[in-house]
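As a plain string of letters, each chain reads:
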Amino acid sequence: MSVEAVSASIGRARILRDVNARFRQGRWTSVVGPNGAGKSTLLKVMACLLPHSGRVTLLGKPVLEWSRRERSQTLVWLGQNEAAAEDLAAYDVAMLGRIPHQGWLAAPSAEDHAAVARALCATQAWVFRDRSLAALSGGERQRVLLARALASEAQVILMDEPLSHLDPPHQADWLATVRALVASGTTVVSVLHEISMALHADDMVIMADGGVVYEGVCGDTTTHRALEAVFDRRITVTSVGEHWITLPN
Amino acid sequence: MTESHNKTSRASAAMLALMVLSLSFVAFGVCIGSTGFENLLSDLFNAERGSSERMMAEKIVWNIRLPRTVGAWAAGALLGLAGALAQGLFRNPLADPYLLGSASGASLAVALALALVGGAAGMVGGGLKPFAISITSASWMVRLGLTGAAFAGAILGVLLTLAMARGVQHTLRLLLAGVVVGVVLGAATSLVLVFSPDSLQAMQAFLLGSTGFVGWAACGVMLCVLPLCIAAAWSLSRALDGLSLGEATAASLGLPLVPLRAALIGILALATGTAVAQTGLIAFVGLAAPHLVRSMVRVTHGNLMLLASLTGGVLLSGADLLARWLIAPQELPVGVLTAVLGGGYLLWLMHRDSNTISGRAA
């Protein structure tokens, strides 16, 4: 997936300016940058949720040339602070991820139920599948919404702040889920504020002031220096065993 | 047995209970009135065939009480369905079917109709009295004129809201436009009534809501529109479930938001306009019915709309029974009862929720 010369505005404010970036297939790319850099807007543009100029390509084809149904079967977007359907049970919410695969009036198929069960198990949400979202904690709710995204079994998954409300053990579970998805050939793009978690990705896109300032591999020291620079050198990237973490200066 | 099976059976049990209640209220509705329960039954079953008592009893049952009771149920069902639709569409549990300007549009149209004909009759010293219309008139032409005006007004109110919101793209803009249209058309209605004081009494009946003059024609209209609206709304229920995750997520799921909103608003306007045209403005049924369902069972929008429709029917036919029985042989305006009972219910709900929230905070 790639974006070329993409600009986008919200109201009168221009959020993205001539953004170019490439998200390699079958890899996990994390998008990072200071607040207001345009990370969430970029993800929305990639999901065709905001009008934009420039060109967004999905699996080699301009995203606007995909039919709505095909696009939603291929690409799934998990938003930040997604509204919660309080009345629905966790299972029903995860089943909404199957809408792109279902006929307008058709009942969910056995395949739909199997996909939902897999997604709920992957996010450890199966045990509370029958509870309504209103009765779940923030972290449990986030896991159900992640299951909704996974249930679509799309080839490209865009996630905006998927770790919000998740405690460290469930952040580790999320990491394992993303690794498994990537291993099965899925392309994952995530906007993350937890830079140490973002450094677990394969690739990194660093944004500032509505543009991409750097693209590179997460393990590369040049990426680390670019990361430190974009946060005004108020963080340092350092290694702990095989992993990279950030520390405040 | 899993909890999802329990949930399904709870929904089925609620549906069955509401159907039984609906039938019971319709049966009671036939029996309760100023003539009294026993007198009517004894006339109907014991009086000689062709006798004046029996003919009168048959007339009361078939021409007055049955259509009134069935009509009250159908109007309530339409409002309950519209309430569930409005709350799903606006993702706001306080949304009610009148939010898009249908009530204010219908009120203005009825005020204008009353002022143009009824008011004119008053102004010329009663010379046109035989043709003067009022909300309580039994004349077919007149009733058709008033219900037609109310329906047209309701639809025009919704169209005005849509025009002000510049389409259905933005839910918040729709909501604000609905509020503005409600205020402006309400002011216009007041202005019409200031210049046509003769219409005030008839208008009051419309504003308070009444099931007292619902005949078989009105019943027929409502009973035709109700299944149409239910079928159309049910076919969009999965999309409404998707919409409950937010508009951006719904769009990312491939749901066509603009046609979807247009269809939902069309159904909402048709259901509300039809009910308002036949019974006037009946408060709180559309707001309270979906809440009552949610307090009984947590369901997806498909079942919510079916249950809210049945609950609306039960609420309004129940309120109609009370309105006839409380100060018999006099009658209370049913809209006053639904406002008092519905308002009380919402206050109780707020009280209960604030207690729950304080409990959680502690």
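Scroll up to find the structure this text is about.
Residues numbered from 1 in each chain as written. Chains lettered and ligands numbered in written order. Predicted model: local features only at pLDDT ≥ 70, side-chain atom pairs only at ≥ 80, totals over all residues. Heavy atoms only, no water.

Undergrad: A description of the interface of chain A and chain B should follow, citing residues and the corresponding values.
TA: Contacts between the two partners involve 31 residues from chain A and, on the opposite side, 26 residues from chain B. By the criterion of area lost to chain B, the three top residues of chain A are Asp87, Trp104 and Asp130 of chain A, representing 26% of everything that side buries. Connecting chain A to chain B are two salt bridges. Linking chain A to chain B there are six residue pairs in polar contact (both at pLDDT 80 or more). Secondary structure elements with two or more residues in the side of chain A that touches chain B: α2 (68-74), β6 (75-78), α3 (90-96) and α5 (138-151) of chain A. Top contributing element to the side of chain A that touches chain B by residue count: α3 of chain A, with three residues. Its residues assigned to classes, the side of chain A that touches chain B shows 19 nonpolar, five polar and seven charged. (Contact = heavy atoms within 4.5 Å. Buried area = accessible area lost by both parts, 1.4 Å probe. Salt bridge = Lys/Arg side-chain N within 4 Å of Asp/Glu carboxyl O. Polar contact = N/O pair within 3.5 Å; in protein donor to acceptor, adjacent residues only side chain to side chain. Helix = DSSP H or I, 4+ residues; strand = E, 2+ residues; numbered from the N terminus. Nonpolar A, V, L, I, M, F, W, Y, C, P; charged D, E, K, R; others polar.)

Undergrad: If you had to explain the sheet that holds strand β2 (residues 13-22) of chain A to someone new, which residues and values would you point to?
TA: The pairing of strands in a sheet happens through backbone hydrogen bonds and is either parallel or antiparallel. All names here are of chain A. An order of β2-β1-β4-β5 is seen for the four strands of this open sheet, with the pairing classed as antiparallel. Every interior strand has two partners, whereas the edge strands, β2 and β5 (61-62), have only one. One ladder, built from two bridges, connects strand β4 (residues 53-58) with β5; its direction is antiparallel. Within β5, the residue paired with Leu58 across the bridge is Lys61. (Pairing = 2+ DSSP bridges.)

Undergrad: Tell me about the nonpolar core, and name the residues and values.
TA: Of all hydrophobic cores here, the largest spans 153 residues; its most connected members are Trp28, Trp174 and Leu227 of chain A. Core analysis: the second largest hydrophobic core is formed by 30 residues, Ala21, Leu49, Leu50 and Leu75 of chain A among them. (Core = buried A, V, L, I, M, F, W, Y, C linked by side-chain atoms within 4.5 Å. Buried < 20%, exposed > 50% of the residue type's maximum accessible area, 1.4 Å probe, protein only.)

Undergrad: Break down the packing of aromatic side chains for me, with residues and values.
TA: All names here are of chain A. Within this structure, the stated rule accounts for two aromatic pairs over all chains. On the basis of an interplanar angle of 80° and a centroid distance of 5.5 Å, the ring pair of Trp28 and Trp174 is categorised as edge-to-face. A residue pair is termed long-range when its members are at least 10 positions apart, and Trp28 in strand β3 (residues 28-32) and Trp174 in helix α6 (residues 168-183) qualify at 146 residues. Each member of the pair, Trp28 as well as Trp174, is classed as buried. When the ring of Tyr91 is compared with that of Trp126, the centres are 6.3 Å apart and the planes differ by 65°; the resulting orientation is edge-to-face. One end of the pair, Tyr91, is in helix α3; the other, Trp126, is in the loop between α4 (110-122) and α5, with 35 residues separating them in the sequence. Tyr91 gets classed as buried once you look at its relative accessible area, which sits at 17%. (Phe/Tyr/Trp six-rings, centres within 6.5 Å; stacked < 30°, edge-to-face > 60°.)

Undergrad: Before we move on, could you go through the pattern of salt bridges and cite the residues and values that matter?
TA: All names here are of chain A. Counted by the stated rule, this structure contains 14 salt bridges over all chains. Close ionic contact of Arg24 with Asp203 constitutes a salt bridge, the shortest N to O distance being 3.0 Å. In this pair, Arg24 is assigned in the loop between β2 and β3 and Asp203 in strand β9 (residues 203-208), connecting sequence segments 179 residues apart. Classification of Arg24 as partly exposed rests on a relative accessible area of 32%.

Undergrad: Describe the layout of surface pockets, and please don't skip the residues or the numbers.
TA: Approximately 870 Å³ is the volume attributed to the second largest pocket. Forming the walls of the second largest pocket are 32 residues, and the residues nearest its centre are Asp92 and Pro108 of chain A together with Asp241, Thr300 and Asn303 of chain B. Within the residue set of the lining of the second largest pocket, elements represented by two or more residues are α3 of chain A together with α1 (3-31), α8 (216-235), α9 (237-243) and α13 (301-325) of chain B. Considering every element that reaches the lining of the second largest pocket, the biggest residue donor is α1 of chain B, with five residues. (1 Å grid on protein atoms, 1.4 Å probe; cavity = no way out; pocket = protein on both sides within 12 Å on 5 of 7 lines; lining within 4 Å. Points joined across faces, edges and corners; volume = space filled by probe spheres on them.)

Undergrad: Give me the lowdown on a nonpolar patch on the surface, citing residues and values where you can.
TA: Residue and element names in this part refer to chain B. Taken together, the side chains of Leu160, Met164, Val180 and Val184 present a nonpolar region at the surface, about 320 Å² in accessible area. Put simply, the parts of the chain that give the nonpolar patch at least two residues each are α5 (140-164) and α6 (171-195). Looking at where Val184 falls in the secondary structure, it is placed in helix α6. (Patch = residues over 30% accessible without salt bridge, like charges linked within 9 Å, V, L, I, M, F, W, Y side chains within 5 Å. Areas by Shrake-Rupley, 256 points an atom, 1.4 Å probe, with all protein chains shown as cover.)

Undergrad: Please set out the packing of α8 of chain B against helix α11 (residues 257-279) of chain B residue by residue, giving values where relevant.
TA: Residue and element names in this part refer to chain B. Put simply, α8 and α11 touch, their axes get as near as 10 Å, and they point 160° apart. Considering the angle they form, α8 stands roughly antiparallel to α11. As α8 packs across α11, the resulting crossing turns out to be left-handed. Between α8 and α11, the contacting residues are Ala218, Val221, Met222, Val225, Cys229, Ala232 and Ala233 on the first element and Ile267, Leu270, Ala271, Thr274, Ala275 and Gln278 on the second. Taken together, the residues of the contact of α8 with α11 sort by class into eleven nonpolar, two polar and no charged. (Axes fitted to C-alpha atoms, helices over the stretch in contact; angles between N-to-C directions. Parallel < 35°, antiparallel > 145°, perpendicular 65-115°, else oblique. Left-handed = near helix turned anticlockwise from the far one by under 90°.)

Undergrad: Outline α6 of chain A, listing residues and values.
TA: Residues and elements named next belong to chain A. Under the 1.5 Å per step criterion, the end-to-end length of α6 is 22 Å for 16 residues, consistent within 8% with the ideal 22 Å. Buried within α6 we find His170, Gln171, Trp174, Leu175, Thr177, Val178, Leu181 and Val182. All buried residues of α6 lie within an arc of 160° about the axis, which places them on one face of the element. Residues of α6 that are exposed and point over 90 degrees away from its buried face: Pro169 and Ala183. On the buried face of α6, the contacting elements are β3, α4, α5, β7 (156-160), β8 (187-191) and α7 (195-198). Two residues or fewer past α6, Gly185 is found with a positive phi of approximately 100°. (Expected span 1.5 Å × (residues − 1). Arc of directions from axis to C-beta.)

Undergrad: Which residues make up the packing of helix α3 (residues 52-89) of chain B against helix α12 (residues 285-296) of chain B, and what are the values?
TA: Residue and element names in this part refer to chain B. Contact pair α3 / α12: the axes reach a minimum separation of 7 Å and the direction vectors enclose 75°. Put simply, α3 runs roughly perpendicular to α12. Residues Gly76, Leu79, Gly80, Gly83, Ala84 and Gln87 of α3 lie in contact with α12, whose contacting residues are Val285, Gly286, Leu287, Ala289, Pro290, His291 and Arg294. Residue composition of the contact of α3 with α12, by class: six nonpolar, six polar and one charged.

Undergrad: Describe unusual backbone geometry, and please don't skip the residues or the numbers.
TA: Its identity is not glycine, yet Glu161 of chain A carries a phi of approximately 50°, on the positive side. Mapping Glu161 of chain A onto the fold places it in the loop between β7 and α6.

Undergrad: Could you give an account of the sheet that holds β8 of chain A, naming the residues involved and the relevant values?
TA: Residues and elements named next belong to chain A. Here we have six strands laid out as an open sheet, ordered β6-β7-β8-β3-β9-β10, and mixed in their pairing. Of all strands in the sheet, those with a lone pairing partner are β6 and β10 (211-217), marking the two edges. On average, adjacent strands in this sheet sit at an angle of 15° to one another, irrespective of strand direction. Bridging between β3 and β8 involves four bridges; their strand directions are parallel. Paired with Ser30 across the two strands is Ser190, which belongs to β8. Contacts between helix α8 (residues 221-230) and the sheet are confined to β3, β9 and β10, with β9 contributing the most and set at about 25° to the helix.

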